[in-house]
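A closer look at the structure
The chain contents come next:
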Amino acid sequence: MHRDDAFDLMTAHPPLAAGPAGPLRVGIGGPVGGGKTALVAALCKALGSELSIVVVTNDIYTTEDADFLRRHGVLPDERIRAVRTGCCPHTAIRDDITANLDAVEDLVARHDPDLVLVESGGDNLTATFSYGLVHAQIFVLDVAGGDKVPRKGGPGVTRSDLLVINKIDLAPLVGADLDVMRGDAEKVRDGRPTVLVSLRDQPDAAPIAEWITTQVRTRRAG
Amino acid sequence: MAGTLTAGLLLLADSRLPSGGHGHSGGVEALVERGLIATTADLEVFLDGRLRTSGTVPAAAAAAACGLAAHPDREPEPDWASWDEAVSARTPSAALRAASRAQGAALLRTVTLAWPGPAVEALRALGGVHHPLVLGVAAAAAGGTPLDAAGLALHHMIGGACTAAVRLLGLDPLAVAAVAARAGRRAEAVARTAGDAAAAAVADADPALLPGESSPLHDVLAQLHDSSEATLFAS
């Protein structure tokens, strides 16, 4: 894992203290197919024994998705809330966060969790979470989407609190240069951390789980 | 009536104002799924029917809420719960009641910050009130009349359905804007009728006098939509 250990989320987003009250809320965004749902499942599995977690999903949520999460022993149904976004996933996390706020606050009231994960519906590189909805956001890209994506930038790549580049096991198969992706990301991210990972090879998402644990601890301390 | 197009009313009419509306199709998704709306012409016929039937309910409720909120010194204080119950009674589909309350809660979040006041606080204290009541109270706070509030309710009914149709069917958005403009002109008469009924209900402090038209197909489809798999809109 590559990261700047000195990076402090509380300094990066000073409005945090005035942001949403209650437990840490982390948004997970990124293009379709990058591995957002797989990351949510991995995080719930990795952190579920030490943290109480609830999840709001904005993806087109079917009983199939619920089955996926249940089969992987991730979370009971009552800790997952699906919000339908009317074909506009970016609106629901950025311009009009009200439906997601309702879902988050309802889950928090019912379960008093340590961590709220808000999974955006798959969108494009310009999608970004409002800090009225979350305290921190993870943007998930995958190697198969092309190694030029970090260079293209966009608020998800440049401003997310953690950039995850997933499916690095596929790099040789799709001709992606991981050094180029890492270098391009670092150029535009102004010290914010980037993680290169294969959730298939590392189903515990260890570096990301560790990052989240640090954020939870920081928020508690704050 | 003198024009009262205040900046606040323009904000309330703007679909970009955070109010949860983008997640609702006003019944369009259920109709599109069943092939009952496929073209711009279908959309126009649907809107015409909606305006003439169940459109009067939110329009009158918004107008009444605006009238009630415009006179905070009115004695006795408005019994907001009874007005909220009257909207429930005129919304036979449980799914549509839930959708209305969800959008009411969403709009109330924004209204609380943008137009705070005693009527807004009364609705907050009640918790989970119907959307038209929040819209009416906000319209009053923004300097609008009951007729403005009725017009806003219909404007959003039209706008939500039109936007959903564009997203779901890929209709020409310019042609759909023309549909919305024509529907808006037809809505003016509906707003006046709803406003008159609301004025009578407010004068008598009797929510039972609100109009109670309905669209049975709309109600049935809303229930089916609510229980179907993988829908894109909440209603």
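Criteria and thresholds
- The numbering scheme is per chain: residues are counted from 1 as the chain's sequence reads.
- Chain letters start at A and ligand numbers start at 1, both assigned in the order the entries are written.
- Given that the model is predicted, a residue must reach a pLDDT of at least 70 before its local features are reported, and side-chain atom pairs must reach 80 or more before they are shown or counted; all residues, however, enter totals for whole chains, interfaces and linings.
- Values shown for side chains rest on all heavy atoms present in the structure; no hydrogens or waters enter the calculation.
- The way it works is that DSSP assigns letters per residue, a run of H or I at least four long becomes a helix, a run of E at least two long becomes a strand, and they are numbered from the N terminus.
- Whenever Lys or Arg places a side-chain nitrogen within 4 Å of a carboxyl oxygen from Asp or Glu, that contact is recorded as a salt bridge.
- Put simply, a nonpolar core is a bunch of buried Ala, Val, Leu, Ile, Met, Phe, Trp, Tyr and Cys residues held in one set by side-chain atoms that sit within 4.5 Å of each other.
- To sort residues, take the accessible area from a 1.4 Å probe on protein chains only and compare it with the maximum for the residue type: under 20% means buried, over 50% means exposed, and anything in between is partly exposed.
- Residue contacts are defined here by distance: any two heavy atoms, one from each residue, within 4.5 Å place the two residues in contact.
- Note: two strands are recorded as paired if DSSP finds a minimum of 2 bridges between them.

**As for the environment of B:Val202**
With respect to the element layout, B:Val202 can be found in helix α10 (residues 173-203). Taking C-alpha positions, B:Val202 is 6.1 Å from B:Ala64, a pair spaced 138 residues apart along the chain.

**Examining the pattern of salt bridges**
Under the criterion given, the structure shown has 16 salt bridges over all chains. Note that B:Arg109 is salt-bridged to A:Asp102, the shortest N-O span being 2.8 Å. Taken as a pair, B:Arg109 in helix α6 (residues 94-114) and A:Asp102 in helix α5 (residues 98-111) lie in two separate chains rather than in one. In this structure, B:Asp48 and B:Arg52 form a salt bridge, with 3.1 Å as the shortest nitrogen-oxygen distance.

**Description of the nonpolar core**
As a rule of thumb, soluble globular proteins bury nonpolar side chains together. Membership of the largest hydrophobic core comes to 67 residues, with the highest contact counts inside it found for B:Leu12, B:Val28, B:Leu43 and B:Leu47. B:Leu12 has contacts with B:Leu17, B:Trp115, B:Leu135, B:Ala138, B:Ala139, B:Ala142, B:Leu152 and B:His156, leaving out every residue within four places of it along the chain. Core analysis: the next-biggest nonpolar cluster, separate from the first, contains 33 residues, A:Ile53, A:Ile80, A:Leu115 and A:Ile208 among them.

**Let's talk about the pairing of strand β4 (residues 115-119) of chain A**
Residues and elements named next belong to chain A. Extensive coverage of β4 is indicated by the burial of 5 of its 5 residues. In β4, alternate side chains face the same way, and those of Leu 115, Leu 117 and Glu 119 on one face and Val 116 and Val 118 on the other are all buried. Taken together, the 5 bridges between strand β1 (residues 24-29) and β4 define a ladder with parallel strand orientation. Considered in β4, the bridge of Ile 28 is made with Glu 119. Taken together, the 5 bridges between strand β2 (residues 53-57) and β4 define a ladder with parallel strand orientation. By the bridge assignment for β4, Val 56 is matched with Val 118.

**Points about the environment of B:Asp196**
All names here are of chain B. With respect to the helices, strands and loops of the structure, Asp 196 is situated in helix α10. The exposed category is assigned to Asp 196, whose relative accessible area is 57%. Along the chain, Asp 196 and Ala 70 lie 126 residues apart, while their C-alpha atoms are 16 Å from each other.

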